[in-house]
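Chain by chain, the residues:
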Amino acid sequence: MILKPTSTSFNPNIEKSPRKWGTPTQAFKTICCLCLVGLAFIANVERSRQLQMDELIPWWTAAAIPAVVSSKYFGSKERYTAIGTFITYFYDGPLGKPDPRKKRTDVDAATQRIMSFTEDQLQRSDNRSLGIDDKGVVDFVWLSFTIFGPSAGHFIDTYYLILLASCSVFCLAFFKRHAYLYCLAAFLVVLWLIQPMIRYNDQLTSLLALRCFALVSLPACLHCVIAAIGGRRQTLSWPDRLFWFLQLLVVVFATHVRITAIWEIAVIGIVCALAAFSSYRHRQTRTAVVMGFLMLAAFASPAVLSAYHYLGYSKIYRQPQHIATRPFWHNIYSGLAFNREFAERYRLRIDDVSVIRATGEYLTEHGRTSEWAAMGGTSDGYSKLRYTAYEAVVREMMFERCYQHFGNCLAATFLDRPLATGRFVAWLYGLHALPPEMDLYISEDFGDIAKRQMVDLDRRLRDGEQYAVLWHPGALAFLLTFLLFAASRPAQEHSDVAYASSVIATGSLATVIIGYPAPWTIPDVACTLGTLVYCSPSLVIRLLSHR
């Protein structure tokens, strides 16, 4: 009996030529596409240099240096904490000022100051925690010090080294699939466009800011999603599986540094689950098993990361007054301020203090004033707030308030915040005069500092004509040139690109819909939506192929 081939709709597009690089024409196109991706990467590195992202260090990154010096050079066993003496001397000078932007020269001087201690001079003191944000940035700084030495000027080099490794794996895995390479290039172009907004944003300053650290793993996320979408038609080879796992490690590392990047893991896991189900429906058992295994690997990675945090972090972070990562429920509740009725009822603004104050009022309303005092809610400036206990109360408060005002919370989540996100992204793309909703950022405690920062950011982008306009002539010329090489690829490749860019753009909205949109929280969304717009020709090519 002669077996008929399976339907071409569930078979990969096989190159006509068995040679590695295909025909001379195919080889030429492949080399051109790889060169264009490399050119887009180099353009990003150069723009970062021009914007002096190596000269201004975000405070999150600088604050990790004492912990790295403590463990790497002085053998402290309390990982992710810093020797108290180092904290004192590190901030004894310009770094002690409240400015979130630290000059590289000041950071390097402070680093050398604490590294100049000898064991005899160093009076050991209790190790101190690194505050209420993610601690994974310590490993990023440790990696930079290991590769380039103890200099803050190389932090941006380390960032691009991670991005280069991810892009290289992407190109190695898909070097013959030019439509896939076009999607990667589209992301790099959008990243190039939004860099000025990041640089002139006082809440960010640099790609090194934790709030936009997830950008470094977007190519890895894109790789995993495209591989899963394409892999549902045929079992991934062992090299492809290895590449997939390497990229997943990049995403997990980014999540370790900034927990909000977990949306990328969720997207990868969901796509793998759908691919496994699709393969199973079409009786591709082996493919379904492989995709199911990749799904389990993706969904298990947050649990593995949490276990590492529990075992690897100092015991300090298991004490009530500390927290291992950044607050979660606090930020979700803060985002409810976008519903004006809810915001006015509970005096909410997009600032931390209004949420803390609302929590104290909630406990007082329920006759639990003593509990509020016990968790440090009555301390000056909430400086002794016990964040583990505080987070539990905020979660309780949010569920009760949303039960009482279900319509307001529903509107805030599915209407107010998505609309505000759209307006912020439109502003960044040059389609809106000023950042919207700015009155929500006027704090009763801090005044209009955040609003003035946004107005100044808008002025600098407008004066320098550096909005991230997607119709930038240079960007369009570059992508149109790339598209000439990629347009002739099989329609299935373009279908994969259209699906992948759509899924990732949708997934990136989770951070601002669950949290809150602002110029300092939209880099992920701006990048993924811009990539989706630039990948729209793939959808057109796919549709035309079925006519």
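The model shown is predicted, which means the values in this text are computed figures rather than measured ones.

Novice: What should I look at first to understand helix α19 (residues 449-463) in this one?
Specialist: Residues spaced three or four apart along an α-helix face the same direction, because each turn holds 3.6 residues. End to end, α19 covers 21 Å across 15 residues, agreeing with the expected 21 Å (1.5 Å per residue, within 8%). Every buried residue belonging to α19 is among Ala-450, Gln-453, Met-454, Leu-457, Asp-458 and Leu-461, and all of these are buried. The buried side chains of α19 occupy one side of the element, clustering within an arc of 135 degrees when seen end-on. Those residues of α19 hidden inside the fold are in contact with α8 (178-199) and α18 (406-428). Just downstream of α19 lies Glu-465, where phi reads positive at about 50 degrees.

Novice: How do you make sense of a nonpolar patch on the surface when you look at a structure like this?
Specialist: A surface patch of nonpolar side chains, about 310 Å² in accessible area, is lined by Ile-147, Phe-148, Leu-161 and Leu-164. Counting residues per element, the ones that place at least two in the nonpolar patch are α6 (137-148) and α7 (155-174). The topology assignment puts Phe-148 in helix α6. Residue Phe-148 is classed as partly exposed on the basis of its relative accessible area, which comes to 33%.

Novice: Would you mind showing me how to read empty space enclosed by the protein here?
Specialist: Vacant regions in the atomic arrangement are exposed by a probe of water-molecule size rolled over the atoms. Under the defined criterion, the tally for this structure stands at 2 cavities of 30 Å³ or more. Considered as a void within the structure, the largest cavity measures approximately 100 Å³ in volume. As for the largest cavity, its lining consists of Phe-187, Leu-218, Pro-219, Leu-222, Ser-501, Ile-504, Ala-505, Cys-527, Thr-528, Thr-531 and Leu-532. Secondary structure elements with two or more residues in the lining of the largest cavity: α9 (218-231), α21 (491-508) and α23 (523-534).

Novice: Quick question: what am I supposed to make of the nonpolar core here?
Specialist: For soluble globular proteins, the rule of thumb is that nonpolar side chains tend to be buried together. Ranked by internal contacts, the top residues of the largest apolar core, which has 177 residues, are Tyr-159, Leu-215, Trp-244, Ile-268, Tyr-333, Tyr-441 and Tyr-534. With 17 residues, the top contributor of residues to this core is α8. With near-sequence residues (within four places) excluded, Ile-268 lies in contact with Cys-221, Cys-224, Val-225, Trp-244, Leu-248, Val-251 and Ala-298.

Novice: What exactly am I supposed to notice about the state of the cysteines here?
Specialist: Using the criterion set out here, one finds 1 disulfide in the structure. One disulfide bridge connects Cys-402 with Cys-409, the sulfur atoms lying 2.3 Å from each other. Here Cys-402 and Cys-409 share a disulfide; its torsion about the S-S bond, -85 degrees, makes the bridge left-handed. In this pair, the class of Cys-402 matches that of Cys-409, namely buried. Free cysteine Cys-221: the closest other cysteine sulfur is in Cys-224, separated by 6.9 Å. Free cysteine Cys-272: the closest other cysteine sulfur is in Cys-224, separated by 7.3 Å. Judged by relative accessible area, Cys-272 falls into the buried class, the value being 0%.

Novice: Looking at this structure, I do not really get the side chain of Glu-391. What am I missing?
Specialist: The topology assignment puts Glu-391 in helix α17 (residues 387-404). No salt bridge is formed by the buried Glu-391, whose closest oppositely charged neighbour, Arg-395, lies at an N-O distance of 8.0 Å. At a separation of 2.7 Å, a polar atom in the side chain of Glu-391 contacts the main-chain amide nitrogen of Phe-328.

About the cut-offs
Residues numbered from 1 in each chain as written. Predicted model: local features only at pLDDT ≥ 70, side-chain atom pairs only at ≥ 80, totals over all residues. Heavy atoms only, no water. Helix = DSSP H or I, 4+ residues; strand = E, 2+ residues; numbered from the N terminus. Expected span 1.5 Å × (residues − 1). Buried < 20%, exposed > 50% of the residue type's maximum accessible area, 1.4 Å probe, protein only. Arc of directions from axis to C-beta. Contact = heavy atoms within 4.5 Å. Patch = residues over 30% accessible without salt bridge, like charges linked within 9 Å, V, L, I, M, F, W, Y side chains within 5 Å. Areas by Shrake-Rupley, 256 points an atom, 1.4 Å probe, with all protein chains shown as cover. Salt bridge = Lys/Arg side-chain N within 4 Å of Asp/Glu carboxyl O. 1 Å grid on protein atoms, 1.4 Å probe; cavity = no way out; pocket = protein on both sides within 12 Å on 5 of 7 lines; lining within 4 Å. Points joined across faces, edges and corners; volume = space filled by probe spheres on them. Core = buried A, V, L, I, M, F, W, Y, C linked by side-chain atoms within 4.5 Å. Disulfide = S-S within 2.5 Å. Lys, Arg positive; Asp, Glu negative; His and termini not counted. Polar contact = N/O pair within 3.5 Å; in protein donor to acceptor, adjacent residues only side chain to side chain.

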